[in-house]
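A closer look at the structure
Spelled out, the chains give:
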Amino acid sequence: MKYVLVTGGVVSGLGKGVTASSIGVVLKACGLRITSIKIDPYLNTDAGTMSPFEHGEVFVLDDGGEVDLDLGNYERFLDIKLTRDNNITTGKIYQSVIDKERRGDYLGKTVQVVPHITDEIQEWIERVAMNPVDGSEEPADVCVIELGGTIGDIESMPFIEALGQFSYRVGPGNFCLVHVSLVPVLNVVGEQKTKPTQHSVRGLRGLGLIPDVLACRSTQPLEEHVKMKLAQFCHVPIPNIINLHDVTNIWHIPLLLRDQKAHEAILKVLNLQCAGQVAREPKLAEWTERASRCDRLKTVVRIAMVGKYTGLSDSYLSVLKALLHASVALDRKLVVDWVPSCDLEDSTAEETPEAYEKAWESLRGADGVLVPGGFGDRGVKGKILAAKYARENNIPYLGICLGMQIAVIEFARSIMKLQGANSTEFDPTTKTPCVIFMPEGSKTHMGATMRLGSRRTFFQVNNCKSAKLYGNAGSVDERHRHRYEVNPDMVPEFEKAGLSFVGRDESGQRMEIIELPTHKFFIGAQFHPEFKSRPGKPSPLFLGLIAAASGQLDQLLQRPCGAVSPPGRCHCSNGALYPNGHVVKPLERLVNGHYSASATGAIPI
């Protein structure tokens, strides 16, 4: 097993996750099989109880692991399925060591950070790196490890020590350290400054880790004399200094690495250029097409994102990526209008009328409305108003998790005239509980007590939009994260009033997908389809939303398969391939990408 460690210096937020993912893409394009591990130095056991404002979204894996959002980047870039063990936290390590101590595994020795914590970290990495993640039974060739935080952080010291020991443990030729650092430009002098990177590398070397490759973040390409200075003071060869400057869309990052021969530098350190080893040039034609195509898209589709965490885009990172996957696959340039749900409420009209008018203007100007998941009662009234506006005005609507529950409550109040209808999450004493707490949940413990991970949904109606979008499959497996559900006792009343529950779990008692058959596109899903969306395989429900919002839904639903596929091929949701009999239209071409921030309102990468 070969290991590539990605660390960060100077400041946080440099894009270590994207860098690690892009390194994986390039190495995979060289013919290597890749797995990934993310190390988070916080004391939480996992990300499940952390606020989206604090740490961005909580990404959910097939096995129910609630992990850091960077694992979502790894899955999307590399098209792999990771496990909860691929996310290491200080809390997990200490918990494991303490459990061993309680069992007497250390035979009476004093348990210390060195060697017990550091050994546990190394053993965890070695064990998890061997787990297959790409659907085969063989372990990967290279494990890309990202160390969260910044070099010098006190909480990451045990990991730094462990990784220093680990580099000697696996031996020369099996460990490559890529250090991501900042090369800023001061407006006063107008030149690229190397001193922050010099200090960062000096600190890294002082902690026992020697960088093999420098990945320098900057706004503009590095000047040649700057590279020479970095090589001289950081003791890194010039060919191993890679510049990751700002780009128009995120798909250019692997191409930057390839063009600067980053793969050659890494393969040389890992002794993978020898005879008999993988050493081919990376095949990235598909990525090149995506990057250039993304830059050329002009026709805009506007989606109103109505939520409570709109102040931080990372809170809805997977939702944004899923929207982008779908919009670019349908040749549309995505513009997301952030609508704080609180600003749609009457109380805001009285307190801050400017915010109220702006929120409603954004909602009315959107081609489609999306209400993502969330917890708590803040902003719920605004979300209900957004669902009502979309339903009454025949605007395409997609509700995810809470967004589905909101749509059910709004339907009960407006169509069924049940004015007191509510969720017991927001009103425990409601006389009309449309949404109730799940029996298996816990009201005393928050972490890992929800319905989590991949669960199967069975379609109850064959000709509904959802089933068609999923390629007319009888069932689908999607990831969940919720502790409230639609009250099954009220389902007959809802269906009698016109709300169709087209997807249910294996018991038939848990509602998974709702639709309004008479609406252009009004769908709610209890699961989170965004977590399994991939650049080449957009989530079917997101694809349906964008198609409806851009006038392409009828064309999409008329195909025998709901998935966007490469030219000449058509994949069902279960991965089956339609042979020559299916004619692929231009709409089905495989394209995708992400936009950087711009005056047109495109989403920042």
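Before any of the text, the structure's been laid out above.
Below is a short write-up of the structure. (Residues numbered from 1 in each chain as written. Predicted model: local features only at pLDDT ≥ 70, side-chain atom pairs only at ≥ 80, totals over all residues. Heavy atoms only, no water.)

Some points on the overall build of the protein chain
Regarding its fold elements, the protein chain presents 20 helices and 21 strands. By residue count, 58% of the 605 residues in the protein chain fall in the buried class. In the protein chain, once contacts between residues fewer than 6 apart in sequence are set aside, the share between residues at least 24 apart is 71%. Working note: accessible area of the protein chain is about 24200 Å², and carbon and sulfur atoms make up 51% of it. (Helix = DSSP H or I, 4+ residues; strand = E, 2+ residues; numbered from the N terminus. Buried < 20%, exposed > 50% of the residue type's maximum accessible area, 1.4 Å probe, protein only. Contact = heavy atoms within 4.5 Å. Areas by Shrake-Rupley, 256 points an atom, 1.4 Å probe, with all protein chains shown as cover.)

Some words on unusual backbone geometry
Going from Val114 to Pro115, the amide bond is cis rather than trans, its omega being 15°. Positionally, Pro115 belongs in helix H5 (residues 113-129). The phi angle at Val10 is positive, at roughly 75°, despite the residue not being glycine. With respect to the element layout, Val10 can be found in the loop between strand S1 (2-8) and helix H1 (16-29). Of the residues examined, Val10 reaches a relative accessible area of 34% and is grouped as partly exposed. Positive phi, normally seen in glycine, also occurs at Leu107, with a value near 55°.

Some remarks on the side chain of Ser96
Here Ser96 shows up in helix H4 (residues 90-103). Of note is the side chain of Ser96, whose polar atom sits 2.8 Å from the side chain of Glu120. With residues up to four places along the chain from it excluded, the contact list for Ser96 reads Glu120 and Trp124. (Polar contact = N/O pair within 3.5 Å; in protein donor to acceptor, adjacent residues only side chain to side chain.)

A word on the side chain of Asp70
For Asp70, the position within the fold is in helix H3 (residues 70-78). In this structure Asp70 comes out as buried when scored by relative accessible area, which is 11%. Setting aside chain neighbours within four positions, we find Asp70 in contact with Gly17, Lys38 and Glu146.

A look at the sheet that holds strand S18 (residues 484-486)
Strand order in the open sheet formed by three strands is S14-S15-S18, and the pairing between neighbours is mixed. Two strands bound the open sheet, and with one partner strand each, they are strand S14 (421-423) and S18. On average, each strand axis in the sheet is inclined to that of its neighbour by 25°, with strand direction left out of account. Across three bridges, S14 lies against strand S15 (residues 432-437) in parallel orientation. The residue of S15 that forms the bridge with Ser423 is Val435. (Pairing = 2+ DSSP bridges. Axes fitted to C-alpha atoms, helices over the stretch in contact; angles between N-to-C directions.)

What about the packing of aromatic side chains?
All chains considered together, the criterion is met by 15 aromatic pairs. Ring geometry for Tyr397 and Phe522: centres 4.6 Å apart, planes at 15°, overall stacked. In this pair, Tyr397 sits in strand S13 (residues 397-400) while Phe522 sits in strand S21 (residues 522-525), placing the two residues 125 residues apart along the sequence. Tyr397 sits in the buried class, given a relative accessible area of 0%. These aromatic residues form a ring-pair network of at least three members: Tyr3, Phe166 and Phe175. Over the ring of Trp124 we find Arg127, and its NZ or CZ is 5.0 Å from the ring centre. (Phe/Tyr/Trp six-rings, centres within 6.5 Å; stacked < 30°, edge-to-face > 60°. Lys NZ or Arg CZ within 6 Å of the ring centre and 35° of its normal.)

A closer look at a nonpolar patch on the surface
Together, Leu186, Val188 and Val189 line one region of the surface with nonpolar side chains, adding up to about 320 Å² of accessible area. As for its placement among the helices and strands, Val189 is situated in the loop between strand S7 (175-182) and helix H7 (195-206). (Patch = residues over 30% accessible without salt bridge, like charges linked within 9 Å, V, L, I, M, F, W, Y side chains within 5 Å. Salt bridge = Lys/Arg side-chain N within 4 Å of Asp/Glu carboxyl O.)

Focus: the packing of H1 against helix H9 (residues 252-259)
Look at H1 against H9: their axes get within 9 Å of each other, and the N-to-C directions meet at 60°. By the angle between their directions, the pair H1 and H9 is classed as oblique. Note that H1 runs across H9; the crossing there is right-handed. Across the interface between the two elements, Val18, Ser22, Ile23, Val25 and Val26 of H1 pack against Ile253, Pro254 and Leu257 of H9. (Parallel < 35°, antiparallel > 145°, perpendicular 65-115°, else oblique. Left-handed = near helix turned anticlockwise from the far one by under 90°.)

Comments concerning the nonpolar core
Grouped together as the largest cluster of nonpolar side chains are 53 residues, with contacts concentrated most on Val4, Val6, Ile23, Leu27, Val142, Val178 and Ile266. The dominant element in this core, judged by the number of residues it contributes, is H1, at seven residues. Aside from chain neighbours lying at most four places away, what touches Val142 is Met1, Lys2, Val4, Leu27, Leu32, Arg33, Ile34, Thr35 and Leu272. Among the nonpolar cores identified, the runner-up in size contains 44 residues, and Tyr356, Tyr389, Val435 and Ile514 belong to it. (Core = buried A, V, L, I, M, F, W, Y, C linked by side-chain atoms within 4.5 Å.)

Examining the pattern of salt bridges
Per the counting criterion, the structure on display carries 31 salt bridges. Here Lys38 ties to Asp68 by a salt bridge, and the two come within 2.9 Å at their closest N and O atoms. In this pair, Lys38 is assigned in strand S2 (residues 34-40) and Asp68 in the loop between strand S4 (66-67) and H3, connecting sequence segments 30 residues apart. With respect to burial, Lys38 and Asp68 carry one shared label: buried. Of the charged contacts, one joins Glu75 and Arg534 as a salt bridge, the two residues approaching to 3.1 Å between their closest N and O atoms. Taken together, the residues Glu75 in helix H3 and Arg534 in the loop between S21 and helix H19 (540-549) connect sequence positions 459 residues apart. We note that Glu75, like Arg534, is buried. Sharing partners across several salt bridges, the network here consists of Asp62, Glu75, Asp79, Lys81, Arg479, Arg534 and Lys537.

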